[in-house]
Amino acid sequence: WAFPPANGHKPNNSTTTMSVTAAARRSPRKGKGERLPTLDEKMKASLAGYNDDTVEVSSGSGPKAVMLAHKWTNPSEGETKKGTKGVAVDPTGWHMSEKLDGLRAYWDGDGRFYTRNGCRFYAPDWYTEAMPKIPLDGELWCGRGHFQEAVSICRKHQAGEGWRKVRYMVFDAPSVKGYFEKRIKVMKTTIEEANFSHLQAVPFVKCKGVEHLQESLESVEKKGGEGLMLREPGSKYERRRSKALLKVKTFFDEEALVTGSHKGTGKNWNVMGALLCVLPNGTKFQVGSGFTDAQRRRPPRTGSVITFKFQETTKDGVPRFPTFLRERTDVTWDDVKKQYKKKQEEGADPYAKGSARKTAPLDRRHSILWGKPMETETKKTAPKKTAPKRKRDRSAEIELEAEGTRRGEAKEEWACYRCTFCNPGANRHCGMCGWKRCFPPASVASTPPVVALHAS
């Protein structure tokens, strides 16, 4: 090497962590006459020694990698295609919870929130001081359908009053050593002891099968939720994408017209990066995922129709997380427009703002599946006291105007009492300085205008 490594030829932290994790995954060797413990026995042994004094918590200061999920696919539909990341597994007995449409946040237990990529969330002091002192994994959430509001509040470098609308929804305690059931037990106890209104544990239920899973998914989507999450019983916390954590979501598929393309970056620097598309209602967006290498080398041409899938639409009607499915050669863009008009007449516009998912009302937007509804906290401010506006006393002006009208002077020329400019009788303001006309008192009414000015 031209330069020696900074760690002095010692294994770095990542290497050590990988070796320890690999050693933990190895199954113990079974001797003669011995029987390996079952999963239930391991879980019972893990939970048996739990109490408030013997909880083993590793230090978690600073950003850490978090556990990421794979997609769940129905095992009755067969194995997933090669290259996809779906996991076909029977969900019976798995822990099921609602998938929240918030910002993934890792609490390090030392006053800081981090994103899954290690960037900081700058929460206010009153928020972080009330949080517990152990690391937690969860989401900063403003309620169903309020993802953009959560982003606008939490991404700011200066914390504001918007954080009063944000709840930290916790679903794991990464630093607690043990299986998932033990971590959840410690997590709930910690949250109860913190007694912080903006901190809540995500509720879990046992899944009874595929039908129960689909019914729950339909229920949460009707209420404006994003989907469901599945946790394998007795699983450990893995700081990577794990098959012990699965997400269940429903996607919608629609057609769009290709209007152009963007060149890619990184490994796709010399091929297509994203397609520029437009919906039948004129909404423009980009589709940059779902393509194979061959499709990126020869993308759909401008003017062709493609089918894409998306999760929901934003407040402006733009599809979120669009993914390319296929190119449609059996239909034209005119056919798509005709079908769109029929859906509009039937009142089922697929591109309407917020049509893919309902937005929860503001007064109950912290409700969650299988959990108690949480009221939104609003800061009560006293109404501003404003002094009553004083009305100008125009009694003297009105009296003088009335007296001049009775004498017939309104039709004659008048000189301004401010600049002596001679104005027609029809003018109510001076044409030179803008001064409002005011008739003289009766004592000087017979005096010529200019003379009356000097006499007064």
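Rules used throughout
- Residues numbered from 1 in each chain as written.
- Predicted model: local features only at pLDDT ≥ 70, side-chain atom pairs only at ≥ 80, totals over all residues.
- Heavy atoms only, no water.
- Helix = DSSP H or I, 4+ residues; strand = E, 2+ residues; numbered from the N terminus.
- Buried < 20%, exposed > 50% of the residue type's maximum accessible area, 1.4 Å probe, protein only.
- Contact = heavy atoms within 4.5 Å.
- Areas by Shrake-Rupley, 256 points an atom, 1.4 Å probe, with all protein chains shown as cover.
- Polar contact = N/O pair within 3.5 Å; in protein donor to acceptor, adjacent residues only side chain to side chain.
- Expected span 1.5 Å × (residues − 1).
- Arc of directions from axis to C-beta.
- Pairing = 2+ DSSP bridges.
- Core = buried A, V, L, I, M, F, W, Y, C linked by side-chain atoms within 4.5 Å.
- Axes fitted to C-alpha atoms, helices over the stretch in contact; angles between N-to-C directions.
- pLDDT = per-residue confidence, 0-100.
- Salt bridge = Lys/Arg side-chain N within 4 Å of Asp/Glu carboxyl O.

> Even after reading the chapter, I still don't get the overall build of the protein chain, so can you show me in this structure?
When helices and strands are tallied, the protein chain shows ten helices and 21 strands. When burial is assessed residue by residue, the protein chain has 40% of its 456 residues classed as buried. Taking contacts inside the protein chain between residues at least 6 apart in sequence as the whole, the part at least 24 apart equals 67%. Of the accessible surface of the protein chain, which amounts to about 27800 Å², a share of 51% is contributed by carbon and sulfur atoms.

> Is there a simple way to think about the side chain of Thr323 in this case?
Relative to the elements of secondary structure, Thr323 occurs in strand E19 (residues 323-328). At a separation of 3.5 Å, a polar atom in the side chain of Thr323 contacts the side chain of Ser289. Sequence-distant contacts of Thr323, that is, excluding residues within four places in its chain, are made with Val287, Ser289, Gly290, Thr307, Phe308 and Lys309.

> Teacher, can you tell me more about helix H8 (residues 333-345) here?
Note: α-helices contain 3.6 residues per turn, so residues at a spacing of three or four share the same orientation. Between its first and last C-alpha, H8 extends 19 Å over 13 residues, near the 18 Å set by a 1.5 Å rise per residue. Looking only at H8, the buried set comprises Trp333, Val336 and Tyr340. When H8 is viewed along its axis, its buried side chains cluster within an angular range of 55° and face the same direction. Turned more than 90 degrees away from the buried face of H8, the exposed residues are Asp334, Lys338, Lys341 and Glu345.

> Help me understand the sheet that holds strand E10 (residues 205-206) in this model?
For sheets, the rule is that strands pair by backbone hydrogen bonds, running either parallel or antiparallel. With respect to topology, six strands assemble into an open sheet ordered E2-E1-E12-E11-E3-E10, the strand pairing being mixed. For this open sheet the edge positions go to strand E2 (86-88) and E10, each flanked by a neighbour on one side alone. Examined bridge by bridge, strand E3 (residues 95-99) and strand E11 (residues 227-231) share five bridges and lie antiparallel to one another. Paired with Met96 across the bridge in E11 is Leu230.

> Sorry if this is basic, but what is going on with the nonpolar core here?
Generally speaking, soluble globular proteins have nonpolar side chains that are buried together. Among the nonpolar cores identified, the biggest contains 35 residues, and Phe113, Tyr127, Leu140, Trp163 and Tyr168 are the most heavily contacted of them. Of all the secondary-structure elements, those providing two or more residues to this core are strand E4 (103-107), strand E7 (136-141), helix H4 (147-154), strand E8 (167-172), helix H5 (180-194) and strand E9 (199-201). Counting residues in hydrophobic clusters, the runner-up holds 13 residues, among them Met272, Val287, Phe308 and Phe310.

> Can you walk me through the sheet that holds strand E16 (residues 305-310) in this structure?
Across the sheet, five strands lie side by side as E15-E14-E13-E16-E19; this open sheet has antiparallel pairing. This sheet does not close on itself; its edge strands, each paired only once, are strand E15 (284-287) and E19. Here the strands of the sheet are splayed against their neighbours by 45° on average, with no regard to which way each runs. Lying on the sheet, H8 is in contact with strand E13 (252-263), strand E14 (272-278) and E16; it crosses E13 at an angle near 140°.

> So what exactly am I meant to see when it comes to the confidence of the model for the protein chain here?
Detailed reading of predicted coordinates is not advised where the pLDDT is low. Of all residues in the protein chain, 66% attain a pLDDT of 70 or more, and the chain-wide mean is 75. Helix H1 (residues 13-25) is the least confidently modelled element of the protein chain, averaging 42 in pLDDT, while E8 averages 95, the highest of any element. Scored below 50 in pLDDT, residues 373-380 shows 21 contacts in the model against residues more than four places distant or in partner chains.

> What is the right way to read H4 from this model?
Buried within H4 we find Glu149, Ala150, Ile153 and Cys154. Along the axis of H4, the buried residues cluster in a sector spanning 115°; they form a single face.

> So what exactly am I meant to see when it comes to the pattern of salt bridges here?
One side chain can pair with another of opposite charge once the charged atoms of both are near each other. According to the stated counting rule, one finds 13 salt bridges in the structure shown. Across the salt bridge formed by Arg112 and Asp108, the nearest N and O atoms sit 3.4 Å from each other. We classify Arg112 as partly exposed; its relative accessible area is 23%. As a salt-bridge pair, Arg112 and Asp110 come within 3.3 Å of each other at their nearest N and O atoms. Three or more residues are tied together by salt bridges with common partners; here these are Lys99, Glu226 and Lys249.

> Would you explain unusual backbone geometry in this entry?
Excluding glycine, most residues fall at negative phi; most peptide bonds, likewise, are trans. Even without a glycine there, the phi angle at Asn195 is positive, about 50°. Among the structural elements, Asn195 can be located in the loop between H5 and E9. Its relative accessible area of 69% is what places Asn195 among the exposed residues. For Phe321, which is not a glycine, the phi torsion comes out positive at approximately 55°. If you trace the backbone, Phe321 turns up in the loop between strand E18 (319-320) and E19.

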